[in-house]
Structure formats: C-alpha cells, structure tokens
Amino acid sequence: MSETLEKNIRIKLSEFIDLSLHNALAAHGGMKMYDAPLIGIATAEDPLFQQFRDPSIVGPGFILPAEWLPGAKSVISYFLPFTKEIRDTNRAPGLPSQEWISARIDGEALNNEIRSFLVDLLKEMAADAVAPCLDSRFQVVNRVSNWSERHVAHAAGLGTFGLHRALITEKGSVGRLGSVVTTLALKPTKRNYQKHDEYCLYLTQGKCGACMQRCPPQAITAKGKDHRICEEYIGREVLSRWAPRYGCAKCNVNVPCEFENPVEL
Ligand code: B12
Ligand code: SF4
Ligand code: SF4
C-alpha cells in the first residue's frame, strides 16, 4: 500500500518539475534549470531529528517534524540538480555567472512552487502537510535556520556533507533542496551511510580538497568552511553588483563532487 503511495508521489513530483514552464531561465534563452529530482523519505520520529538539536549539529532552535505538524508521520525531502548547461556557465574562477545568479532566484521560486505542489498533492491524498520553509514560523538567525534542508535531506537518505558543507548526493552537490512534513505514513528511504561526511574524499580519505582552491575569499580551509566569510563575500562582491540576484557556489562546480558521489568512482 505505502509503496504505491511513494511511487505515486515520486512520479507526480518528477512530472511537475519536468513539465513546469518555470523550469527555464527566461532571461537566458530558456536554459533548462533542473534535471530529474532525487527524492528521499524519513520517518518523523527518526532519532536524527532530535540529534539535530545538539549545538554542534544545528542547535536547540531546530523544530521537530511533529512540532511543525501535529500527527506528523513522514518527511519528504528532494534534491533538484542543476543541469549541465547551468553548471557549465559557472566553471570560470571569480565572480558567478549571470545564469547562476538568475538560477539562484528563479530556481528558488520554482522550489517554492514545488513545496506548495507537494503540500496540495498530500492534501488531495487525504493527509495533512506543511512545508516548513514556507511556514510563518520559519526563520534564519545568525546563518542557522530552524529547518535546515541539508540536515533533513541527510536524514531522508539523500546524502552526506562535504568539506564545503554542501550536501553531496548521488547526483552531486550542485542543486537546491526542499522538503515537506506530512501525516501520511510512508516507507523511509534506506540511508547508504553511517556517518554524516562519508561522501567527501577529503574528510574520509584525506584526498581532493579541490573546493578550497575554488573559493574566491578562501572561506574553505582544511578545518572546514567559514559561513561568515562566505556570506560577507557574497554580499560585498555579488549582491552589491546585481541585487536582488546573488550566489556563488564556485566551491560546488569543477570539483569531484559536482554531479556525482565521488567516493563511488
Ligand atoms: C543560512 C544559509 C546560508 C549561509 C550559511 C551557509 C550554511 N551552509 O549554513 C550562507 C549565506 C553563507 C549560504 C551560502 C550558500 N548557500 Co545557503 N542556505 C542557508 C540556509 C537558509 C540555512 C542553512 C542552515 O540552517 N545551516 C545550519 C548550520 C548549522 O549548518 P552547518 O553549520 O553547515 O552544519 C554542519 C554541522 O551540522 C556539521 N556536523 C557536525 N557534526 C554532525 C553530525 C551529524 C549527524 C550531522 C548531520 C552534521 C554534523 O555538518 C554540517 C556541515 O559541515 C539554507 C536553507 C535551509 N532552510 O536549510 C540554505 C542552503 C544551505 N544554501 C544552499 C546553497 C546552494 C548556498 C550557496 C551555494 C549559494 C548559492 N546559491 O550560490 C552558498 C554556499 C553553500 C555552501 N558551500 O555551504 C543550499 C544547499 C544545497 C546543497 N547541495 O547543500 C540550501 C539548502 C538552500 C536550498 N534550499 O537548497 N547559505
Ligand atoms: S571538492 Fe573534494 S574536498 Fe571538497 S567537498 Fe567535494 S569531495 Fe570533499
Ligand atoms: S559559495 Fe563561494 S564564497 Fe561561499 S564557500 Fe563556496 S566558493 Fe566560497
């Protein structure tokens, strides 16, 4: 029963993205933004969610699934990989491409449509659903949100973190994430990892480190990524030139974890 539900959700979500007229950059000749999504499911009671409240992981402000939605049973998370065309525009070092900063904005607008589509789909299936990032309770304080999409995706079996702190999935790290909490009971996705950093060559084997070289303000070192340096750089060098568009992600492009899980190679 539940397997049919999951299959149905996967098919409908993929179709919605594929057929959306908004899955294209109008200002750049209709360049396609997202390839087919990866979709993962966690149970709402997964102990990882409680663990995320640890100050060394996300922090006490992380809101649990059942707090977003009483009676919550599952969390559906998805990864939207940017197409090769979009990734190719951002390979040169230095400032981000015009296509990339447009995809940051148009891509998140479509991501919000996808979140709403999933909520409506689940309601049609007689369940209740909430997209935390669209909820009035959602907030980001000092670069920490009360619903971290990367951590949620990690719990839902979609991947692990890299030295650059992006989530590395089976389709790499260049893309955006979204999720919804629902009262529908769904079969959780098996996590193919034990630790939170298994897909990074540097953190597991001491190899690579390519993202350190790619970062214009050197926010990434052997110790990890300094979110403050990254944010200040994007504000100073990108937002100031092209607001409201912004972004960077040089650390995610032209590196072994760009579009695949590098430890499987
Ligand atoms: C605030 C924010 C920022 C801040 C801070 C970055 C950050 N990574 O936290 C700034 C402005 C710098 C930023 C920059 C960017 N961002 Co941003 N950002 C967010 C936002 C809104 C919240 C992030 C958050 O809550 N962080 C919480 C802190 C605690 O995370 P953390 O410190 O990295 O967590 C570490 C610890 O938990 C540690 N850890 C230690 N022990 C353990 C144990 C366990 C079990 C686990 C799981 C972890 C763990 O591992 C983690 C990684 O090192 C999210 C959207 C959302 N709602 O989630 C997007 C988001 C993270 N950003 C995203 C993107 C794409 C970007 C940019 C590339 C911008 C761009 N589009 O060009 C850059 C660079 C990203 C990068 N390399 O990290 C994507 C990430 C996609 C991906 N594949 O991972 C997100 C998810 C947006 C989205 N909807 O897709 N961002
Ligand atoms: S570029 Fe290399 S070191 Fe950096 S996150 Fe990816 S695999 Fe890890
Ligand atoms: S997004 Fe840009 S500034 Fe931030 S860590 Fe990656 S390369 Fe560095």
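Higher on the page you've got the structure.
Residues numbered from 1 in each chain as written. Chains lettered and ligands numbered in written order. Predicted model: local features only at pLDDT ≥ 70, side-chain atom pairs only at ≥ 80, totals over all residues. Heavy atoms only, no water.

Asks: How should I be thinking about the site of ligand 3 in this particular structure?
Replies: In the vicinity of ligand 3, the contacting residues are Cys215, Pro216, Pro217, Ile220, Lys225, Cys230, Tyr233, Cys248, Ala249, Lys250 and Cys251. A breakdown of the residues in the shell around ligand 3 according to their chemical character gives nine nonpolar, no polar and two charged. (Near = heavy atom within 4 Å. Nonpolar A, V, L, I, M, F, W, Y, C, P; charged D, E, K, R; others polar.)

Asks: Help me understand the site of ligand 1, please; the structure alone is not making it clear to me.
Replies: Of all residues adjacent to ligand 1, which total 40 residues, the nearest are Ile57, Ser145, Glu149, His151 and Arg165. Here His151 contributes a side-chain N or O atom positioned 2.7 Å from an oxygen atom of ligand 1. Within the residue set of the shell around ligand 1, elements represented by two or more residues are α5 (98–124), β7 (144–145), α6 (149–155), β10 (175–182) and α9 (227–242). Among the elements that make up the shell around ligand 1, the one with the highest residue count is α5 (five residues). Each residue belonging to the shell around ligand 1 can be placed in one class, and the counts come to 18 nonpolar, 12 polar and 10 charged. (Polar contact = N/O pair within 3.5 Å; in protein donor to acceptor, adjacent residues only side chain to side chain. Helix = DSSP H or I, 4+ residues; strand = E, 2+ residues; numbered from the N terminus.)

Asks: Hey, could you run me through the nonpolar core in this one?
Replies: In summary, soluble globular proteins display a tendency toward joint burial of nonpolar side chains. Within the largest apolar cluster, 37 residues are counted, with the highest numbers of intra-cluster contacts made by Ile9, Ile76, Ile86 and Leu118. Those elements that place two or more of their residues in this core are α1 (2–19), β3 (38–43), β4 (74–81), α5 and α9. Top element by residues in this core is α5. It accounts for nine residues. Contact partners of Ile86, with chain neighbours within four places excluded, come to Leu25, Met31, Lys32, Met33, Trp100 and Ala103. (Core = buried A, V, L, I, M, F, W, Y, C linked by side-chain atoms within 4.5 Å. Buried < 20%, exposed > 50% of the residue type's maximum accessible area, 1.4 Å probe, protein only. Contact = heavy atoms within 4.5 Å.)

Asks: What should I look at first to understand the sheet that holds β4 in this one?
Replies: In spatial order, the strands read β3-β4-β10-β5; together these four strands make up an open sheet with antiparallel pairing. Sheet topology places β3 and β5 (129–130) at the edges, where each strand pairs with a single neighbour. In the sheet, β5 pairs with β10 via two bridges, with the strands oriented antiparallel. By the bridge assignment, Ala129 is partnered in β10 with Thr182. (Pairing = 2+ DSSP bridges.)

Asks: Help me understand α9, please; the structure alone is not making it clear to me.
Replies: Note: α-helices contain 3.6 residues per turn, so residues at a spacing of three or four share the same orientation. Between its terminal C-alpha atoms α9 stretches 21 Å, which fits the 22 Å expected from 16 residues at 1.5 Å a residue. At Gly235, α9 shows its strongest bend, of approximately 35°. For α9, the set of buried residues is Tyr233, Ile234 and Val238. Buried-residue contacts for α9 involve α5. Taking the backbone nitrogen of Arg228 as reference, a side-chain oxygen 2.9 Å away marks Asp226 as the first, capping residue of α9. (Expected span 1.5 Å × (residues − 1). Bend = angle between axes of the 7 residues up to and from the residue.)

Asks: What should I look at first to understand the environment of Ala131 in this one?
Replies: Note that Ala131 resides in the loop between β5 and β6 (140–141). Under the relative-accessibility criterion, Ala131 is labelled buried at 7%. Taking the C-alpha atoms as reference points, Ala131 and Trp68, 63 residues apart in sequence, are found 8.7 Å from one another. Those residues in contact with Ala131, other than ones at most four positions away along the chain, are Arg115, Val119, Ser179 and Val180.

Asks: Can you walk me through unusual backbone geometry in this structure?
Replies: The general pattern is negative phi for most residues beyond glycine and trans for most peptide bonds. The amide bond that connects Ala243 to the next residue, Pro244, takes the cis arrangement and shows omega of 10°. Mapped onto the elements of the fold, Pro244 is located in the segment after α9.

Asks: Looking at this model, I keep getting lost on the packing of aromatic side chains. Mind explaining?
Replies: To describe a pair of aromatic rings, one takes the distance between the centres and the angle between the planes. Across all of its chains, the model carries 10 aromatic pairs by this definition. Each ring, one from Phe16 and one from Phe117, has its centre 4.3 Å from the other, and the planes form 15°; the classification is stacked. One end of the pair, Phe16, is in helix α1; the other, Phe117, is in helix α5, and 101 residues separate them in sequence. The exposure class of Phe16 is partly exposed, given its relative accessible area of 24%. With 6.0 Å between their ring centres and 80° between their planes, Trp68 and Trp147 make a pair best called edge-to-face. A residue pair is termed long-range when its members are at least 10 positions apart, and Trp68 in helix α3 (residues 65–68) and Trp147 in the loop between β7 and α6 qualify at 79 residues. With a relative accessible area of 2%, Trp68 lands in the buried category. Clustering of aromatic rings is evident, with ring pairs tying together Phe49, Phe52, Phe62, Trp68 and Trp147. (Phe/Tyr/Trp six-rings, centres within 6.5 Å; stacked < 30°, edge-to-face > 60°.)

Geometric values such as these leave the question of function open.
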